[in-house]
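So the chains spell out like this:
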Amino acid sequence: MNADQKKYIFVLMITIGIFIIVFGLVNFLNNQRLESLDDLQRKVTIDLIANETQFDLLKTAPCGSIGDTILSRELGELGQRLDFAETNQGTNNSSVIQLKKYYSLLQVKDYLLMEELANKCNVEIDSILYFYGDNCPECTKQGYVLTELKDRYPELRIYSFDTDLDFSVIETFTSLYDFGQIYPTLIIGNESYQGLQKIPEIEELFPELLERKKDLDELNEITDFIINNVNESKEDISITKVSDEKYTFIVNDEYTGVVLVDVEGVKTLEIDKEKSESFVDLQE
Amino acid sequence: MEIFLYISLFITLYFQIFLLVSFFEKNKKNEKERAAIGTIEYLTTTIIVPCFNEESTVEKTIDSLLLLDYPKDKITIMVIDDGSTDTTWQVLQKYKDNPQISLKQKTNEGSKFAALNFALTHIETELVGVLDADSWVDSKSLKYYMEFFADDQVMATIPSMVIGRPQSTLQKAQKAEYDIGLFARKAFANINSIYITPGPFSVFRKEVFDTLGPYKEAHHTEDAEIALRMQRHHYKIAYSEKSIVYTIGPRSLRPLIKQRVRWVYGFIRNIYDYRDMLFKKKYRSLGLIVLPLGIFRVFITVVLFPLSLWLIVLPLINWVEKISLVGYSFNIGTSIDWYFVNITQINLFAIIGLFLSLMTLWIGRELINDKRKFTIDIVYMLFMYTFIAPLWLIKSSYNALLSKKSSWR
């Protein structure tokens, strides 16, 4: 073998080496990603079973836990991560498909549990069932809309199902709602909505959500106003709404004040001197 | 589709590493020989300056040649006015009494090679050089050449080409591009695979033309053809990195694309004409790797460009679609969640490619002792290569396939 040939082979080895490193690294990272998904899924499963078991033990619904949105949030996070893994590693990756089936199952279980709780406790739970399919450009858009909604209203429960997943549970679930093979389909309070639903259209179906959101925004505005006036951090201030025009607040358990909002939305702030002194007295 | 992409990437990477290895292959023998030369022998030299409507630049070119650090009786400057229609001939008259300069006028025949051959018939010196009228030389450049011509085997020597006085963004981009080119030139020189003797200041032994014949039309790239002809006859072409010649790059887009279409078209057509050299063992690395991969890279860019453009545009379309639906939100988290950092093979190869480009640029600038290594022009160059280079590559490939002629100016 002459020097030229040795060189060609040497270069070939380096090139192959770089390729092996690149592909190996990406493969390793993808596996890490799937493993972390697996962990998260296991955690969600435990929470879900815990809720169910508690429910069975008591034979009645633990109504206090309905407001608990942690499970829903984790389920949402899991969904987001699964979505990313899917676009990243291809829809045909068997591990991803497996995870997705399991995720669908968890969603159905969570949905059923919530329904039961809602019935027993006589409350309404805001939920959206979302069915989508492959090769459906509108579904991608619907996905954007729902992700944004979830960001705006974390308490909203959104369950999404890939009808092309070839999974019996989803098939059974879809057969409960007779909507034909039109995607995207949203099921909100037993009504089905087909075709792309934009944010305002969905918001309209949840008036209480909007109301709560409005209250929250108002409260945030008042908080900002107080912070600007008293130079305290947000965590130290607790606010109570007395009426649309009047809010009272306590800062750090040290002094209190009142914010008044007049008809034109102009805010004024008063610090209650006497009370703040009495707080100081109490502490002494 | 994906497998095709990876094969192309593999070959491209192979070529880059091949160049790197070749670059660092120490040509110890040559260097020792050159170091052994005590006194430099100055060979008689004629520099041909062909000009066609170069009234604004030709003076600078000639003045730089007059300033060459070289014995005055050993150098002649032969200026050929190739039928200029502007005042070039009048401008040249100021040199008519200079004994070093001979001025000649001929009617334009539409291509540079004719002007060069016209000059060759009047030359009797040992060396013949060419300097385009839009370029100027560093005063030491010719002197450094003599270290190489001291070797009887060396039949031609080429310089380090640098973009002089870059002003427009495109010229700055070309500056970085040329500096990277120096790296490749050195690597090619190490493995005797230089396949072009560029118009700015390539110097030949006169016997090259006596034995191999004069310049040919060669699809308006006579400088590529003569180099290939020399390589076919195993004539050695050296590269003197210390000899610096400055050239002006096209200022704006249209002339740049026109220039490059001519180059790439000429390159493809000349290799087609010399296709018998491809994959022949006796031409060693030039025939086995440099020329085949040179052609391959032209065509692969033609294919990869639409693909990479699609890869850039597709997420952009999705993003716009999303924004139009849900509005823009500023909630960019302060902490990065590594889970969502998209690391793919393509991304990693892009990083490797960028790293190699920067490394070769650094080496190129080190060769010509340019102290400012990483400047903003790198960004311009990357931009030029992503968005503009494919245009000329596609156009010249298209022309080459249809054998369409491209004019040389």
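In this text, all values refer to a predicted model and were calculated from it rather than measured experimentally.

A. Structural context of the overall build of chain B. A count of helical and extended segments in chain B gives 13 helices and eight strands. Taking 409 residues into account, the globule formula puts the C-alpha radius of gyration at 22 Å, and chain B, at 23 Å, falls close to it. Reported as C-alpha extents along the three principal axes, the dimensions of chain B are approximately 80 × 50 × 45 Å. In chain B, which comprises 409 residues, the share counted as buried stands at 52%. Within chain B, contacts between residues separated by at least 24 positions form 83% of all contacts whose residues are at least 6 apart in sequence. Total accessible area computed for chain B in this model is approximately 19,500 Å², and 61% of it derives from carbon and sulfur atoms. For chain B, the distance from the average position of its 48 positive side-chain charges to the average position of its 40 negative side-chain charges is 3 Å.

B. Highlighting the sheet that holds strand β1 (residues 45-51) of chain B. Residues and elements named next belong to chain B. Taken in spatial order, the eight strands of this open sheet run β3-β2-β1-β4-β7-β6-β8-β5, and their pairing is mixed. Of all strands in the sheet, those bounded by a partner on one side alone are β3 (101-106) and β5 (135-137). When strand polarity is set aside, the average angle formed by the axes of neighbouring strands in this sheet is 30°. Packed on one face of the sheet, helix α6 (residues 141-149) meets β1, β2 (75-82), β4 (127-130), β5, β6 (154-163), β7 (202-205) and β8 (236-247) and runs near 175° to β8. Sitting on the sheet, helix α7 (residues 169-190) is in contact with β6 and β8, with an inclination near 155° to β6.

C. Structural context of helix α5 (residues 112-120) of chain B. Residues and elements named next belong to chain B. Of all nine residues making up α5, seven are buried, and the element is well covered by its neighbours. Where α5 is concerned, the buried positions are Lys 112, Ala 114, Ala 115, Leu 116, Asn 117, Ala 119 and Leu 120. Buried residues along α5 sit against β1, β2, β3, β4, α8 (206-212) and α9 (222-232).

D. Molecular detail of the interface of chain A and chain B. Contacts between the two partners involve 35 residues from chain A, matched on the other side by 34 residues from chain B. Between chain A and chain B the total buried area reaches about 3,100 Å² when both faces are included, carbon and sulfur atoms providing 70% of it. Contact with chain B buries surface across chain A, with Lys 7, Tyr 8 and Tyr 144 of chain A losing the most and accounting together for 21% of the total. Linking chain A with chain B are three salt bridges, by the criterion used here. Residues Lys 7 of chain A and Glu 25 of chain B are paired through a salt bridge, measuring 3.1 Å at the closest nitrogen-oxygen approach. The interface formed by chain A and chain B holds five residue pairs in polar contact (both at pLDDT 80 or more) in total. Mapped onto the side of chain A that touches chain B, the elements with two or more residues apiece are α1 (3-58), α2 (70-89) and α4 (137-152) of chain A.

E. Just the state of the cysteines, in detail. All names here are of chain A. Per the stated rule, a full pass over the model turns up one disulfide over all chains. What pairs with Cys 136 in a disulfide is Cys 139, and their sulfur atoms sit 2.0 Å apart. Judged by the torsion about the S-S bond (85°), the Cys 136/Cys 139 disulfide is right-handed. Considered together, Cys 136 and Cys 139 belong to a single accessibility category, that of buried residues.

F. Seen up close, the pattern of salt bridges. Residue and element names in this part refer to chain B. If you walk through the whole model with that rule in mind, you get 32 salt bridges over all chains. Salt-bridge contacts for Lys 175 lead to Asp 179; the nearest nitrogen and oxygen are separated by 2.9 Å. Remark: Asp 179 and Lys 175 occur in helix α7; sequence separation between them is four residues, near one turn of the helix. Like Lys 175, the residue Asp 179 is buried in the burial classification.

G. Structural view of the packing of helix α3 (residues 94-121) of chain A against helix α5 (residues 168-176) of chain A. All names here are of chain A. Axis separation between α3 and α5 bottoms out at 9 Å; the angle between their running directions is 40°. Here α3 lies oblique to α5, going by the angle between them. In terms of crossing hand, the pair formed by α3 and α5 is left-handed. For the pair α3 and α5, the contacting residues are Ser 104, Leu 105, Val 108 and Tyr 111 in the first and Val 169, Ile 170 and Phe 173 in the second. Per-class residue counts for the contact of α3 with α5 are six nonpolar, one polar and no charged.

H. Broad picture of the confidence of the model for chain B. Looking at chain B as a whole, the pLDDT averages 87, with 93% of positions reaching at least 70. Between the elements of chain B, mean pLDDT differs from a low of 59, seen in helix α2 (residues 28-36) of chain B, to a high of 96, seen in β7 of chain B.

I. Examining the side chain of Ser 84 of chain B more closely. Residue and element names in this part refer to chain B. Take Ser 84: it is sitting in the loop between β2 and α4 (88-92). Taking relative accessible area as the criterion, Ser 84 reaches 15% and is therefore assigned buried. A polar side-chain atom of Ser 84 sits 2.8 Å from the main-chain amide nitrogen of Asn 53. For Ser 84, the side chain forms a polar contact with the side chain of Asp 81, separated by 2.6 Å. Aside from chain neighbours lying at most four places away, what touches Ser 84 is Cys 51, Phe 52 and Asn 53.

The rules behind each value
- Residues numbered from 1 in each chain as written.
- Chains lettered and ligands numbered in written order.
- Predicted model: local features only at pLDDT ≥ 70, side-chain atom pairs only at ≥ 80, totals over all residues.
- Heavy atoms only, no water.
- Helix = DSSP H or I, 4+ residues; strand = E, 2+ residues; numbered from the N terminus.
- Rg over C-alpha atoms; globule rule 2.2 N^0.38 Å.
- Buried < 20%, exposed > 50% of the residue type's maximum accessible area, 1.4 Å probe, protein only.
- Contact = heavy atoms within 4.5 Å.
- Areas by Shrake-Rupley, 256 points an atom, 1.4 Å probe, with all protein chains shown as cover.
- Lys, Arg positive; Asp, Glu negative; His and termini not counted.
- Charge placed at Lys NZ, Arg CZ, Asp CG, Glu CD.
- Pairing = 2+ DSSP bridges.
- Axes fitted to C-alpha atoms, helices over the stretch in contact; angles between N-to-C directions.
- Buried area = accessible area lost by both parts, 1.4 Å probe.
- Salt bridge = Lys/Arg side-chain N within 4 Å of Asp/Glu carboxyl O.
- Polar contact = N/O pair within 3.5 Å; in protein donor to acceptor, adjacent residues only side chain to side chain.
- Disulfide = S-S within 2.5 Å.
- Parallel < 35°, antiparallel > 145°, perpendicular 65-115°, else oblique.
- Left-handed = near helix turned anticlockwise from the far one by under 90°.
- Nonpolar A, V, L, I, M, F, W, Y, C, P; charged D, E, K, R; others polar.
- pLDDT = per-residue confidence, 0-100.

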